[in-house]
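Remarks on the overall topology
Here are the chains, one letter per residue:
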Amino acid sequence: MAEVMSVQRKRIHPHKFLMWVAIGSIIMMFAGLTSAYIVKRSQVNWQMIEIPKLFWFSTLAIILSSVTVQLALKAFRDRNIPRYKQMIIFTAILGAVFLVMQFIGFMQFSKMDIRLIGAGSNASYSFLLAIAGLHALHVLGGVIALTVIGIRAMSSRSKNYSSVPVEVVSTYWHFVDILWIYLFLFFNWMK
Amino acid sequence: MSESSLHGHGHEGVVSSHTHEAHDVHHHHHHEESFISKYVFSQDHKMIAKQFLITGMIWAVIGGLFSVLFRLQLGYPDMSFPILEDIFGKWAAGGRISNDFYYALVTMHGTILVFFVLTAGLSGTFANLLIPLQIGARDMASPMLNMLSYWFFFLASIIMFSSLFIQTGPASGGWTIYPPLSALGQATDGSKLGMDFWLVSMAMFIVSSLLGGLNYISTILNMRTKGMSMTRMPLTIWAIFFTAVLGVLSFPVLLSGAILLLFDRNLGTSFYLSEIVVKGEILPNEGGSPILFQHLFWFLGHPEVYIILMPALGMVSEVMSVNSRKPIFGYLAMVGSLFAICILAFLVWAHHMFVTGLNPFLGAFFVLLTLLIAVPSAIKVFNWLTTLWRGNLRFTPAMLFAIGFVSLFISGGLTGIFLGNSTLDLHLHDTYFVVAHFHIVMGVASFFGMFAGVYHWFPKMYGRYLNNNLAYIHFWVTMIGAYLIFWPMHYSGLAGMPRRYTDYSNWHSFNQFAGMSRFISSVAMVVFAVQLLFLFNFFYSIWKGRKVTSTNPWGANTLEWTTPVNPGHGNWPGEIPEVHRWAYDYGKDGREYISQIEPVGANESKH
């Protein structure tokens with residue numbers, strides 16, 4: 001039995017593995033959307049898109065949040081729980097800031113007299129909305145997950161020493177960060 | 001809620017045997033399960049498998065009944081059935097199925113059978129049942145996600161089912177829901193609210209498939225018992241593994257396509273729409289491309305047919321080896337051909353689009369890649385035949401269905417070679433030839449794999465046997481019936497008879513097929529009735545079937561037969577057994593079978 005355990009111990013925790021496969025699946029969804037974008041771009045009636053300046057700041061915010069979530073994970077492993085709580089909350093707030101900035105960024109289009117949806121909208125901007133909107137939904141899921149593990153850390157009732165949930169959430173958080181950077185570069189290059 | 005209570009005690013069972021390092025705290029509650037936690041919100045993979053199977057059966061009856069209804073129209077276009085008007089009202093005014101109703105029926109028949117029965121009902125059932133039992137795990141990697149997978153499927157089912165009762169009817173633009181038809185509610189009633197229900201239901205269905213697929217993959221890769229190396233796994237598990245990989249990588253792309261379609265329908269965007277006039281109204285949409293949808297759809301759609309077929313390939317291999325009392329021929333070739341099919345599945349989607357104006361140069365590549373699928377398919381057929389060759393065959397119902405599967409796989413596969421050629425496809429596209437091809441090779445064949453699975457593992461699921469005599473009637477009528485229904489369709493298809501028409505009687509070229517069509521319809525009704533007989537057998541045997549007395553009724557090697565007759569939550573009462581050999585040591589060294597848990601003897605010959 002001891003031998004079984006040592007063999008099992010080398011393997012990745014199933015929940016972490018689950019997250020990696022889920023990430024693969026989400027990648028396929030965005031690969032589908034961005035390749036649709038590329039196909040569409042080569043066809044007639046394509047309008048060059050202009051990306052709001054605010055998106056640079058939201059990009060900065062989400063990169064920063066990746067740093068804080070990493071610090072949170074490190075603090076948890078060092079059993080520095082107060083700092084862990086602090087960093088998790090900080091990450092969740094940065095995530096929320098990202099979402100608010102994305103929202104405001106999209107609101108700015110109407111001021112620029114660009115229609116994202118409805119009559120007179122161009123597929124290029126609709127794509128931007130659909131893709132960035134779906135990404136925002138994934139970030140929202142991450143913020144909720146961060147909030148849940150944050151609340152769990154606050155509650156004095158449950159004591160949990162497993163780092164697996166924190167690791168799973170941080171992996172996901174890094175992923176939505178990298179995904180946004182990819183999308184941001186993609187939209188800047190593939191106007 | 002704390003981590004451990006969230007996952008319930010089923011998960012603790014997994015943890016206690018696998019990853020001690022992850023959870024320092026252990027709760028071993030052995031409380032009595034309530035009705036709700038045992039039968040409804042169950043996290044036991046075996047119960048979830050039964051939930052998938054029975055939900056799938058309900059859908060199969062609905063989907064099958066729809067086909068009987070439209071076959072009634074196709075076989076007897078000039079007759080009136082007043083009872084239809086009594087039941088369906090305006091949809092069958094004057095006792096005849098209206099055009100809108102006909103399209104709704106074929107669309108729902110396709111959607112239900114492809115997704116709800118042969119995807120959820122087939123891989124949902126057998127992946128859940130067999131993965132933990134055959135790899136030696138107490139449950140799935142995440143029983144919680146597994147439960148959610150079923151309930152998302154249930155939610156998708158509820159939404160799709162309620163779409164049948166909408167005033168404007170369910171979606172009716174074909175199961176492939178091509179825009180612009182599916183995007184424009186003003187074009188037809190079937191593209192109104194019913195289409196939104198369809199899309200939302202499919203989104204839920206995709207979530208369900210993804211949650212299930214993620215779990216299957218991580219369970220197979222991470223939770224095998226000691227000694228169960230990948231190359232000792234039964235072929236069922238290999239097949240389910242590749243199925244899950246296909247699903248996890250292709251369903252998200254369908255989701256992308258469906259989301260863009262929802263945008264076009266409800267937010268006035270122009271992803272798929274361009275320069276359209278509907279009923280005199282000029283639409284403002286510009287610059288969209290309906291072909292874009294077809295690319296996104298078939299990038300899922302083609303892997304989807306292998307998602308349906310591959311679990312059947314795996315189960316047939318297992319059932320056939322057990323009942324031939326011989327090792328499966330060419331185990332590694334079987335795994336390799338599954339892998340090849342899995343890769344090729346992603347590279348052939350445009351063969352559904354040869355007539356969309358696809359660049360013929362590009363089409364040539366897709367022809368080549370499509371025809372390459374014949375290679376792994378032929379390897380599989382060869383290996384099944386050589387497994388049967390000089391075997392000590394036991395014609396159990398499961399075995400008959402497995403052999404029937406091979407027959408259907410050959411005859412349906414051969415017509416695939418016709419259709420995979422873009423030049424021939426110009427003539428055959430959208431004719432009954434296509435209908436015959438995919439019904440035999442994907443529809444009926446996968447059903448046969450599923451029946452083989454149900455007959456073989458029913459004793460494991462319910463601790464009782466199905467009635468053999470009813471099973472033999474079920475097999476022979478279905479087998480002969482399937483050929484009688486779909487074989488003649490090849491002829492009308494070659495003659496150019498198009499699919500998706502309600503009535504061919506005014507069409508001089510296809511009048512000659514009226515008698516044949518009537519014959520097909522009659523056989524379809526008989527075959528449908530026999531499926532009801534199977535359902536009777538199934539439900540009757542759950543409570544009244546002959547009891548299983550031995551743990552290993554088929555004399556099989558795999559791990560599920562080392563559990564008690566009615567395994568509890570956690571599958572093995574004691575330690576999970578260790579595996580010492582592959583799953584196919586049949587007829588070796590003068591012994592009929594050697595279970596996987598038996599250590600290799602000193603004088604044993606090599607396999």
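Chains are numbered independently. Their residues run from 1 in the order of the written sequence. Chain letters start at A and ligand numbers start at 1, both assigned in the order the entries are written. Note on the predicted model: pLDDT of at least 70 is required for a residue's local features to be given, and 80 or more for side-chain atom pairs to be given and counted; whole-chain, interface and lining totals, by contrast, use all residues. Each side-chain value is derived from all of the structure's non-hydrogen atoms; neither hydrogens nor water enter the calculation.

Our next topic: the pattern of salt bridges. When their charged atoms lie close together, side chains carrying opposite charge are able to pair. By convention in these notes, a salt bridge is any Lys or Arg side-chain nitrogen within 4 Å of a carboxyl oxygen on Asp or Glu. Taken as a whole, this structure holds 15 salt bridges over all chains when the rule is applied. The shortest N-O distance in the salt bridge between Lys74(A) and Asp78(A) comes to 3.1 Å. Categorising residues by exposure relies on relative accessible area from a 1.4 Å probe, with only protein chains included: less than 20% of the type maximum marks a residue as buried, more than 50% marks it as exposed, and the intermediate range marks it as partly exposed. You can call Asp78(A) partly exposed: its relative accessible area is 47%. Between Glu604(B) and Lys588(B) there is a salt bridge whose closest N-O contact spans 2.8 Å. Linking Glu604(B) in the segment after strand S4 (591-593) with Lys588(B) in strand S3 (residues 586-588), this pair joins segments that are 16 residues apart in sequence. The buried category is assigned to Glu604(B), whose relative accessible area is 18%. By relative accessible area, Lys588(B) is classed as buried at 9%. We count a stretch as a helix when DSSP gives it H or I for four or more residues in a row; a strand needs E for two or more, and each element gets its number in order from the N terminus.

Residues and elements named next belong to chain B. Put simply, helix H8 (residues 235-266) and helix H10 (residues 331-345) touch, their axes get as near as 10 Å, and they point 10° apart. When the interaxial angle is binned, H8 and H10 end up roughly parallel. From H8, Leu-235, Trp-238, Ala-239, Phe-242, Val-245 and Leu-246 reach across to H10, where they touch Tyr-331, Met-334, Val-335, Leu-338, Phe-339, Cys-342 and Ala-345. Side-chain classes are defined by residue name, with Ala, Val, Leu, Ile, Met, Phe, Trp, Tyr, Cys and Pro counting as nonpolar, Asp, Glu, Lys and Arg as charged, and the others, Gly among them, as polar. Along the lines of polarity and charge, the residues of the contact of H8 with H10 split into 13 nonpolar, no polar and no charged. Axes, fitted as lines to C-alpha atoms, cover a helix only where it is in contact. Angles between the N-to-C directions of the axes lie from 0 to 180 degrees. Angular relationships are summarised with four words: roughly parallel below 35 degrees, roughly antiparallel beyond 145, roughly perpendicular across 65 to 115, and oblique for the angles in between. Here, residues are in contact when the closest pair of their heavy atoms is within 4.5 Å.

This brings us to the confidence of the model for chain A. Each residue carries a pLDDT score, the predictor's confidence in it, ranging from 0 to 100. Looking at chain A as a whole, the pLDDT averages 88, with 92% of positions reaching at least 70. For residues 1-9 of chain A, every residue scores under 50 in pLDDT, and the model assigns this stretch eight contacts once sequence neighbours within four places are set aside.

On to the environment of Leu533(B). Residues and elements named next belong to chain B. Its place among the elements puts Leu-533 in helix H17 (residues 514-544). In this structure Leu-533 comes out as partly exposed when scored by relative accessible area, which is 27%. In the structure, Leu-533 is positioned 459 residues away from Leu-74 in sequence and 25 Å away in space, judged by C-alpha atoms. Those residues in contact with Leu-533 that sit more than four places away from it in its chain are Leu-470 and Ile-473.

Attention now moves to the nonpolar core. Residue and element names in this part refer to chain B. To qualify as a nonpolar core, a set must consist of buried Ala, Val, Leu, Ile, Met, Phe, Trp, Tyr and Cys residues joined through side-chain atoms within 4.5 Å. Of all hydrophobic cores here, the largest spans 255 residues; its most connected members are Trp-384 and Phe-405. Considering every element that reaches this core, the biggest residue donor is helix H5 (residues 99-135), with 21 residues. Apart from the residues lying within four places of it in its own chain, the contact partners of Trp-384 are Leu-313, Val-316, Ser-317, Met-320, Met-334, Phe-405, Val-406 and Phe-409.

Attention now moves to the packing of aromatic side chains. Residues and elements named next belong to chain B. Aromatic contacts are taken between Phe, Tyr and Trp rings whose centres are within 6.5 Å, Trp giving its six-membered ring; a plane angle under 30 degrees counts as stacked, one over 60 as edge-to-face, and the others as tilted. A complete count under the given rule lists 83 aromatic pairs over all chains for this structure. Relative to Trp-298, the ring of Phe-297 has its centre 5.0 Å away and its plane inclined at 90°; by these criteria the two rings are edge-to-face. Cation over ring: Arg-546 sits above Tyr-465, and NZ or CZ is 4.3 Å from the ring centre. Counting as a charge over the ring demands two things of the Lys NZ or Arg CZ atom: a distance within 6 Å of the ring centre and an angle within 35 degrees of the ring normal.

Moving on to the layout of surface pockets. Cavity means a closed set of points on a 1 Å grid over the protein atoms alone, one where a 1.4 Å probe fits but cannot get out, pocket means an open set with protein on both sides within 12 Å along at least 5 of 7 lines, and lining means a residue has an atom within 4 Å of a point. Grid points are joined across faces, edges and corners, and a volume is the space filled by probe spheres set on the points. Of the volumes computed, that of the largest pocket is approximately 1600 Å³. Mapped by element, the contributors of at least two residues to the lining of the largest pocket are helix H2 (14-41), helix H5 (123-154) and helix H6 (164-189) of chain A together with helix H1 (3-18), helix H6 (143-163), helix H7 (193-222) and H8 of chain B. If one sorts the elements of the lining of the largest pocket by residue count, H5(A) sits on top with eleven residues. Counted by class, the lining of the largest pocket contains 31 nonpolar, seven polar and two charged residues. In terms of lining residues, the second largest pocket is bounded by 42 residues, among which His302(B), His351(B), His352(B), Leu419(B) and His437(B) are the most central. Secondary structure elements with two or more residues in the lining of the second largest pocket: helix H9 (290-324), helix H11 (360-372), helix H12 (374-388), helix H13 (397-420) and helix H15 (432-462) of chain B. With nine residues, H13(B) is the single largest residue contributor to the lining of the second largest pocket. Among the residues making up the lining of the second largest pocket, the classes are represented as 23 nonpolar, 15 polar and four charged.

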